[in-house]
Amino acid sequence: MLPDWCAAGYASIAGPHSFRDYGSFVDDLKRGEVVAVEDVTYDPRTHDNAEAWLTIGARSLLNAPIIERGRLVGIALLHYAEPHVFMDEDLAFVRVVADRVQIAVARVRAEADEHLLNEEISHRLKNSFAMVLSIAGQTLRTIPERAPVQAFEQRIHALSSAHDVLLRRAWTAAPARDVVEAVLANAGHADHIVVSGPEIDLGPRATLSLALLLHELTTNAAKYGALSVPEGRVMVDWRLDGMDGDREVTFDWTEQGGPPVIPPATSGRKGFGAWLIKTGLVGTGDVDLRYLPSGFQATMRAPLVQLQGS
Amino acid sequence: MLGQSTPSARPIVLVVEDEPIQRFDAVDCVEDAGFEAVEAASAEEAIRILEARPDIRVVFTDIDMPRGIDGMKLAAAIRDRWPPIEIIIVSGRRRPRPEDMPARGVFFAKPYKRNEIAAMIHRMTPARI
């Protein structure tokens, strides 16, 4: 279909029109009936308003109602500048136009509804995050040791920032760069981190997983690594290897300019943060941690299909 | 006592939030940061408090309050009637467009960080000489 196309010799009739200017057959349309007028100057339903019809180049017309849930929501109008005896094919044509318009309008409406619903879900989700933080804050208020309480709050914020990125495309996918940048900005270290990598869309599960993982790496770097000193830098980059269905994504975290690197003690039960890092992207466990003199490095790999799945 | 302002060394912050748990926590956040908090569960209540006491320096309001006036309309009313008051707006919805924000108003997305709110109130209330 072409927007506002007109047959040769006809002017566009785009614009608002009022039913009462054009005769008395709206009730027929409301009942779902097709209205055919062979000559507006003779037909009793239009002859009092014939001038209005002739002005828009309609001596004869065919009106097909567009009904949605029992309500008249639109009309497909076929008109000729001359009197015209309508045939079955005219009727079929105008019906097809009406049906197509109805489908197109319904799709636009459904998209608008979906958008509204997403906004509402997002709003409720963020409010729930706010509630969780308020309840935790008050419940743990008297705990003298503040570090675990802060770690909890910061992890919830990291999760919430990942949800923000997912919301932009209705929770279907999130660009890897946006996720990385949102998490780093949330941690307050965006200025000291250089981000590079090809455009990759991550699925919701990988988005949340990467967000929590990056948050732990950032937190550690701020406590012990390159982000604990003003001149320290972190490079976050990723690449795609392999072909077709076997493509694999490799994320590299490289710290530079930090204090001397001391590998953490390996004895005893690992903390949750260390566990989150070890678990890797979407739980693949494919993680390589290197405590080099130049700085801490982490390499995490996962198949692209796993990162893009829901 | 309503209508009578108590002299206070600490700047006074009016917290407007219809959700009780979040209001309780916001009041706590404001007090933890060293300010005196006054609370309102609706924009209408906030207006009544502002009409009664002239000593409020900052209003910290949620946008989404389903019954009555929302936080954006409250902020616009404050900017109109009490120009010196500083305004912090929070919401779980999208960031308001800049043209909808009151002059000098600051927005934080929910869930906000307590330390960022505290730092902002400090910045908004320099000691008066």
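Quick summary incoming for the structure in this document. One numbering rule holds for all chains: residues counted from 1, following each sequence as written. To read the labels, note that chains go from A and ligands from 1, taken in the order they are written. The predicted origin of the model limits local features to residues at a pLDDT of at least 70 and limits the giving and counting of side-chain atom pairs to 80 or more, whereas totals for whole chains, interfaces and linings rest on all residues.

1. Overview of the overall build of chain A
Part 1: Across its full length, chain A holds eight helices and 10 strands.
Part 2: For chain A, whose C-alpha radius of gyration is 32 Å, the value lies well above the compact-globule estimate of 19 Å for 310 residues.
Part 3: When its C-alpha atoms are laid out on the principal axes, chain A stretches across 100 × 50 × 30 Å.
Part 4: For chain A, with 310 residues in total, the buried portion stands at 25%. Runs of E in the DSSP output that reach at least two residues are strands. Runs of H or I that reach at least four are helices, and both are numbered from the N terminus. As a reference, a globule follows 2.2 Å times the number of residues to the power 0.38, and the radius of gyration itself is taken over C-alpha atoms. Neighbour counting defines burial: a residue surrounded by 20 or more other C-beta atoms within 10 Å of its own C-beta is buried, one with 12 or fewer is exposed, and intermediate counts give partly exposed, using backbone-placed C-beta atoms.

2. Quick notes on the interface of chain A and chain B
Part 1: Contact definition: two residues whose C-beta atoms, as placed from backbone geometry, lie within 7 Å. Taken together, the contact pairs 14 residues of chain A with 10 residues of chain B.
Part 2: Secondary-structure elements contributing two or more residues to the side of chain A that touches chain B are helix 3 (88–139) and helix 4 (147–167) of chain A.
Part 3: Element by element, the count of residues in the side of chain A that touches chain B is highest for helix 3 of chain A, at 11 residues.
Part 4: Residues of the side of chain A that touches chain B, tallied by class, amount to six nonpolar, seven polar and one charged. Each residue gets one label: Ala, Val, Leu, Ile, Met, Phe, Trp, Tyr, Cys and Pro are nonpolar, Asp, Glu, Lys and Arg are charged, and the others, such as Gly, are polar.

3. Some words on the nonpolar core
Part 1: Nonpolar core, as used here: buried Ala, Val, Leu, Ile, Met, Phe, Trp, Tyr and Cys residues forming one set through C-beta atoms within 7 Å. If you look at the biggest cluster of nonpolar residues, it comprises 38 residues, and the most contacted ones within it are A:Ala162, A:Val179, A:Val183, A:Leu202, A:Leu210, A:Leu281 and A:Leu307.
Part 2: Within the residue set of this core, elements represented by two or more residues are helix 4, helix 5 (176–187), helix 6 (204–223), strand 7 (233–241), strand 8 (248–256), strand 10 (295–303) and helix 8 (304–308) of chain A.
Part 3: For A:Leu281, the residues in contact, after removing those within four places along its chain, are A:Ala206, A:Ser209, A:Leu210, A:Leu213, A:Phe251, A:Met300, A:Ala302 and A:Leu307.
Part 4: Formed by 29 residues, the second largest nonpolar core is a distinct cluster that contains B:Val13, B:Phe35, B:Phe60 and B:Ile89.

4. A short note on the sheet that holds strand 1 (residues 35–37) of chain A
Residue and element names in this part refer to chain A.
Part 1: If DSSP finds at least two bridges between two strands, the strands pair. One open sheet holds the three strands; their spatial order is 1-2-3, and the pairing between them is antiparallel. On the outer flanks of this sheet lie strand 1 and strand 3 (71–80), each paired with one strand and no other. With direction set aside, neighbouring strand axes in the sheet form an average angle of 15 degrees.
Part 2: With three bridges connecting them, strand 1 and strand 2 (residues 60–68) associate as antiparallel partners. Across the sheet, the residue bridging to Val35 is Asn63, located in strand 2.
Part 3: In this analysis an axis means a line fitted to C-alpha atoms, helices contributing only their contacting stretch, and an angle means the value between N-to-C directions, from 0 to 180 degrees. Strands in contact with helix 3 are strand 2 and strand 3; relative to strand 2, the strand with the most contacts, it is inclined by about 35 degrees.

5. Regarding unusual backbone geometry
Part 1: Here the bond from B:Lys110 into B:Pro111 is cis, since omega is -5 degrees, no more than 30 degrees from zero.
Part 2: Assignment of secondary structure puts B:Pro111 in the loop between strand 5 (106–109) and helix 4 (114–124).
Part 3: Backbone geometry places A:Val282, a non-glycine residue, at a positive phi of 40 degrees.
Part 4: With respect to the helices and strands, the residue A:Val282 is situated in the loop between helix 7 (272–279) and strand 9 (287–292).
Part 5: On the neighbour-count criterion, A:Val282 (23 C-beta atoms within 10 Å) is buried.
Part 6: Its identity as a non-glycine residue notwithstanding, B:Arg104 has a phi of 65 degrees, on the positive side.
Part 7: Its location among the elements puts B:Arg104 in the loop between strand 4 (86–91) and strand 5.

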